[in-house]
Structures are given as structure tokens and as C-alpha cells.
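# Per-entry structural report
Next come the chains, spelled out residue by residue.
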Amino acid sequence: MKKKRCIVPLVSVFKSIFLCCAMVAVMACTQPKKEIKLPKTNLNLAALIPKPTKTIPTFSAFALDENTAIYTGPSTDLHKVGMFLSEKIKLKTGLDIPVNSAEESLVDRIIYINKTDSIGVKNQEAYELYIARDSIVLNATSGEGAFRGIQTLRQLIPDRSNDTLNEQRIWPIPSGKIEDGPNFEYRGTMLDVARHFFSVADIKKYIDALAYYKINTLHLHLTDDQGWRIAIAAWPKLTAVGGQSEVGGGKGGFYTKEDYESIVKFAAQHYITIIPEVDMPGHTNAASLSYPFLHAGGKADTPRVRTDMKVGYSSLHTRKDTVYHFIDDVIGELTVLTPGPYFHIGGDESHVTRKKDYIDFVERVEALVRKHGKQMIGWDEIATAAIDSSTVTQYWRTKKNAQTAVEKNMKVILSPANKCYLDMKYDSLSKHGLDWAGTIPIDTAYTWDPETYSGIPKDHILGIEAPLWSETIATLDELEYLAFPRIIGYAELGWSIPENRSWEMYRQRLRKQQPFLERMEIDFYRSPLIDWEGKNKTEAQ
Ligand code: TNX
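Predicted, not measured: the structure shown is a model, and the values here were computed from it.

## Some words on the site of the ligand
Close contacts around the ligand come from 14 residues, with Arg195, Tyr421, Asp423, Trp436 and Glu471 the closest. One nitrogen or oxygen atom from the side chain of Asp348 is found 2.8 Å from a nitrogen atom belonging to the ligand. Contact distances for the ligand include 3.2 Å between an oxygen atom and a side-chain N or O atom of Glu349. A class-by-class count of the residues in the shell around the ligand yields eight nonpolar, one polar and five charged.

This is the structure in C-alpha cells:
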């Protein structure tokens, strides 16, 4: 630590002021008020998910206790990351850890969150953690990297304090060094809020858990045949009419602009990007029910309130200019509310749209998305159109489409239904879910390699996304049952390098997520493949 002092003034005046405060605190630690006895630890055995790139244990510990303080570099981003860490420490341990405001005489140890360009890996999500007896230093090149790093730190804090060694309560954090960064830049999940509507509070709870596993993207499937879930000021009937139904006959619902903005903001606080999807030209019954001029006619079913689970019967009219004015408005209004780079146009299962019309449609809509400054994403069918290489294809079903996308020099998001659809049942006894792509037990979900699975070269793989379609789930508990624990495995597939993944080791680490999941009141599926603690170890269903 002391060595670092010499580098400080070279960086910047502000930074050095902050660092000096931190160093003063560290120096105080060299003469701790109380002798603390520390247990032996082994950082290599920590139940971290996703598994970091490299861990080097030093077999001692950092004693997190009431005399610990957090310091951050001067940027507001880092201060917020520090505050986030402090809040989460409080929830886990009850400790009140000050951020950049500690009374120095009370500080024995510090956690220092530092922005630096000097770390080996330049990726903005990468970070390094140095955990020593008296200090933890987290280095990252950005707030995002620092945020990913504190998730690792949270996972290293024991669930219970160790008060057998000392009079006071300490939470020993295993010491050593961690070097870490993502294997794929896109690590996402999709939630279908159209087949069943989920409240803003439900989504926020989900986001909070996703962030813990370093997932960085949440794709919201906002519209489908059974419901339109996002307010568009220029077209109010979309929600007044199209938002009032859902699968099974429930009352549906929709997000106001304020609701949507609050989701986007909450996600941003968790370094998660929201991607809005407005599915078209198929999956548009709710839109056509609201504004009948949108309806294609021909083979498409006449719009009516749909509460069933069929797919492939609706289509927008692809040859009317007014339809494109409508789409322009929708993309424009959502773009204003969405800071992320992407807009998802769906494009799947347009079985009643003529092939030529489908292709013209995708090309025209792509131009609109680009006009609004966003990068388009679509399900793999869109690769059949003449689209730009900046557009991203989401591979869900047809490998040939994914390969066509690669030939067009596009990037691909991997969501193969038989491997990573969160709405597939775990097994034939699952309480919820579908099985058209097979059942997906948690080992099947984990033991495939995105880098080799589809034959798509790695430099064309943007990342992986696990979609959760909601035909069979109506409540947050049901959502959690299908998503957890599989989503934790997908988080690792997206982040960790293949050499660091093994089902046997992962099983052990997954088992140790149980206290977190229970503390978060996440209604996870007790897969019989894991040796869970306590009663209800496994659920037969
Ligand atoms: C296929 S995946 C669909 C969805 C369904 C899902 C159910 C995709 C692009 N389309 O419309 O909800 O299967 O698993």
C-alpha cells in the first residue's frame, strides 16, 4: 500500500487528495486498536459466480467490521459505487460502513475503490481486487468495472460473522488477488412482459439480483399479440385498448413513461442496459386491435382480444406508409426514454406475412431505427433481409439464419432455445414452463460452450441472452422459479472463460448461493441436482 503513495501526485490533484485521505486511514491501520485474530482462508475456494479469470490466494483475511471505511476516487460514479457497496454490506451484516466520510480515529481498515488506467486489462468492465489484512483495493478503469468488482467483494463477505476468534464481530474476507473481466460484452436476459404483465417493483427486484451475477443487459419484450405494455403518447389506444389483456384472461397492464424511465434509471444504477423490444410485423394483434388500419388482412387473423398462447397469426400491413409513420413514432418515443444503444424490432414468427413483404418491412424498419440513432436487434429471421452489418441478430432457432448473419458480417447474440430458454421446463414435473424446445435441467443449461456451440466465430458473438417468455407465469414467484437458478449459470457462461468452467465445481459454488437467494426472498427452484441445505431440499415438481 505504502508504495502507492509515491504514484499518487502524478495522477491528478483531486485524486491525490482522496488517496491521501485513504492513506492516512490505512496508516492508522498499521497500529490497529485491537489485535484481531484472523482465520486461515483460501480465496481459490470462494463460491464466486461468475468464476473470476484469476484468483491468487494469500491465505489470510481482511476483517470487515465496524471500524472499516470505504473511500473512493473523486468521481461521482465511484462515490455511488461506494454507496451501493455500503448499502449492501449493511443489508448482509448490519454494519454501517461510511463512504468518504469516516471519522479517521475510528478507522482500522479501508476498502479503497480506485479508477486507474494502469490495470492490465483495458476492458471497461474489468477490475482487479487486492485483498490484504488491512486494506482492500479495487482497481477499475470505469465506474462499470468498479461496479462489477464490488459484486465479487459482496460475494466474498461471509454470511455470518466470525465471533469465535475475537470479542468483536468480524466478517473475514479471504485475502489475495483477483484479476477479472468478461469473456463476452453482452450478458443478458429477456423478460416477456406482454404475455403476462409484471410490475415495476417486480422488475426492480429482478434487476437487483441480476446485477449480483454481473449480468449487464435486460431486454424487455414490451409488445405481443396478447398485450401492448408501453405508453406511446401519439397512439394512446395502444395501452387503453391493447394493454388491457393478457394470457389466461387477466387484466394486463402497461408502463407509463415515468414507470419505464424509473426502470431504465434503476437498471443504470446497476450498470444494466435496458433494451426495448417492439415485436413486428408479427406478434402485433394487440396493436392492430387498438388501431385496425395496422392490420395486414389476408391470411392474418382478424384482431380480437387474445388470451391464448398461439403464435404466428398476426401481421402489420407492410405496404401502407401510415404503418411506417406509426412505427417511426413508436421508435422515436422509446428512443428518447432509452439511453442504451439498441432497439429490438422482434421480427420472429411472421408466418402470415409474405416473404417479400417481410423482407421489405425489415429493411424499412431498420432505416427508421438507424434514423433514431439506435442499433437494431432482431430475432434470427431478420438475417434473411438485406440489412446493415451494424444490426445484430439474435439466434434462437435457425442456425442457418445465424450463419447468414455472419456472412453479412453482423454480430450475433446467442439464445438457442434448447439451451437457454428460461421458459422451458426443468423436467417433465416442472410446475411452470413450456417444452417445445425440450426440457432444460440446470446442468443442460450450464454445460454448453457458447464459443463452439453454433459454429459462429467468437469475434461475431456479441454475447449470450437467456429469454424468459411468460405464457405460463403470472407472478414474481413464478418468474423466479423459472429464472433461478438457471440464470446464474448463464451469467457464468457469459462472463467466465471456458477453462474456468466445470459443472462439478459450479454445482458446489451454486449450492453456496442459497443464503443469498433466501435473504433476497427469491423463490428459486430447488433442483435435485444440487445438495441444498435444510428442509425442502428438493422439490419433486
Ligand atoms: C417462441 S422465441 C417465440 C415466442 C414464444 C416462445 C415460447 C421467439 C422469438 N418467439 O413468441 O413466447 O417461443 O417459448
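## Here's the deal with the environment of Lys408
Relative to the helices and strands, Lys408 is located in the loop between helix 11 (399-407) and strand 15 (411-414). Considering only alpha carbons, one finds Lys408 and Ile387, 21 residues apart in sequence, at a separation of 8.0 Å. Residues in contact with Lys408, not counting those within four places in the same chain, are Ala383, Thr384, Ala385, Ala386 and Ser389.

## Re helix 11
Buried residues of helix 11: Asn401, Ala402, Ala405 and Val406, and no others. Here the buried residues of helix 11 occupy an arc of 145 degrees about the axis, which is enough to place them on one side. Facing away from the buried side of helix 11 by over 90 degrees, the exposed positions are Lys400 and Glu407. Tucked into the core, helix 11 has its buried residues touching strand 14 (392-395) and strand 15. Asn409 sits one or two positions beyond helix 11 and adopts a positive phi of about 65 degrees.

## Some points on the packing of aromatic side chains
Per the stated rule, a full pass over the model turns up 27 aromatic pairs. Relative to Phe516, the ring of Tyr213 lies with its centre 5.9 Å away and its plane at 85 degrees, an arrangement referred to as edge-to-face. You can see Tyr213 sitting in the loop between helix 5 (200-212) and strand 8 (217-221) and its partner Phe516 sitting in helix 17 (residues 514-519), a full 303 residues away along the chain. Here Tyr213 and Phe516 have matching classes, each one buried. Centre to centre, the rings of Trp235 and Phe326 are 5.1 Å apart; their planes meet at 75 degrees, and the pair counts as edge-to-face. You can see Trp235 sitting in the loop between strand 10 (227-228) and helix 6 (237-240) and its partner Phe326 sitting in helix 9 (residues 321-337), a full 91 residues away along the chain. Ring pairs connect the aromatic residues Trp228, Trp235, Tyr291, Phe293 and Phe326, which therefore count as one cluster.

## Quick word on the side chain of Thr284
Inspection of the secondary structure assignment puts Thr284 in the loop between strand 11 (273-280) and helix 8 (285-290). Taking the relative accessible area as the measure of exposure, Thr284 reaches 4% and is therefore buried. Aside from chain neighbours lying at most four places away, what touches Thr284 is Asp225, Asp279, Ser314, Ser315 and Leu316.

## Some remarks on the pairing of strand 13 (residues 375-379)
The side chains of a regular strand alternate between both faces of the sheet. Most of strand 13 is tucked away, with four of its five residues classed as buried. Of the strand pairs in this sheet, strand 12 (residues 342-346) and strand 13 are connected by three bridges, and their pairing is parallel. Considered in strand 13, the bridge of Phe343 is made with Met376. Assessed by its sense of winding, the connection that carries the chain from strand 12 through helix 10 (residues 355-371) to strand 13 is right-handed. Sheet topology places strand 13 next to strand 14; three bridges connect them, and they run parallel. Following the sheet pairing, Ile377 is matched in strand 14 by Val392.

## Here we look at the pattern of salt bridges
On inspection of all chains with the given rule, the structure shows 28 salt bridges. Through salt bridges that share partners, Glu125, Glu144, Arg148 and Arg187 make up one connected network.

## Topic: unusual backbone geometry
Generally, phi is negative for residues other than glycine and the peptide bonds are trans, each holding for most cases. Following Ile49, the chain continues into Pro50 via a peptide bond in cis, with omega recorded as -5 degrees. Here the bond from Phe484 into Pro485 is cis, since omega is 15 degrees, no more than 30 degrees from zero. Within the secondary structure, Pro485 is located in the loop between helix 14 (476-483) and helix 15 (486-495). Phi is positive for Lys214, close to 65 degrees, though the residue is something other than glycine. Summarising the element assignment, Lys214 is placed in the loop between helix 5 and strand 8. Looking at Lys214, the relative accessible area reads 1%, which means it is buried. Although it is not a glycine, Glu521 sits at a positive phi angle of roughly 55 degrees. Tracing the sequence through the fold places Glu521 in the segment after helix 17.

## A few points about the sheet that holds strand 4 (residues 127-131)
If you trace the six strands from one edge of the open sheet to the other, you get 1-6-4-5-3-2, paired in mixed fashion. Looking along the sheet, the strands with just one partner apiece sit at the ends: strand 1 (54-64) and strand 2 (68-72). The sheet shows a mean angle of 20 degrees between the axes of neighbouring strands, direction not considered. Strand direction decides the pairing type here: strand 4 and strand 6 (residues 171-180), joined by five bridges, are antiparallel. Bridge assignment links Tyr127 to a residue of strand 6, and that residue is Asp180. This element, helix 3 (residues 76-93), spans strand 1, strand 2, strand 3 (109-115) and strand 6 of the sheet and lies at about 145 degrees to strand 3. In the packing of helix 4 (residues 143-156) onto the sheet, the strands contacted are strand 3, strand 4, strand 5 (135-140) and strand 6, and the crossing angle to strand 4 comes to about 40 degrees.

## Structural notes on the sheet that holds strand 16 (residues 461-468)
An order of 7-8-11-12-13-14-15-16 is seen for the eight strands of this closed barrel, with the pairing classed as parallel. Neighbour to neighbour, the strand axes of the sheet diverge by 30 degrees on average, direction disregarded. Pairing between strand 7 (residues 186-192) and strand 8: five bridges, direction parallel. Across the sheet, residue Gly188 finds its bridge partner in strand 8, namely Thr217. Its contacts with the sheet place helix 9 against strand 11 and strand 12, and it is angled at close to 170 degrees to strand 11. Contacting strand 11, strand 12 and strand 13, helix 10 crosses the sheet at an angle of about 145 degrees to strand 13.

Definitions and limits used
- Residues numbered from 1 in each chain as written.
- Predicted model: local features only at pLDDT ≥ 70, side-chain atom pairs only at ≥ 80, totals over all residues.
- Heavy atoms only, no water.
- Near = heavy atom within 4 Å.
- Polar contact = N/O pair within 3.5 Å; in protein donor to acceptor, adjacent residues only side chain to side chain.
- Nonpolar A, V, L, I, M, F, W, Y, C, P; charged D, E, K, R; others polar.
- Helix = DSSP H or I, 4+ residues; strand = E, 2+ residues; numbered from the N terminus.
- Contact = heavy atoms within 4.5 Å.
- Buried < 20%, exposed > 50% of the residue type's maximum accessible area, 1.4 Å probe, protein only.
- Arc of directions from axis to C-beta.
- Phe/Tyr/Trp six-rings, centres within 6.5 Å; stacked < 30°, edge-to-face > 60°.
- Pairing = 2+ DSSP bridges.
- Right-handed = clockwise from strand over helix to strand, strands pointing away.
- Salt bridge = Lys/Arg side-chain N within 4 Å of Asp/Glu carboxyl O.
- Axes fitted to C-alpha atoms, helices over the stretch in contact; angles between N-to-C directions.

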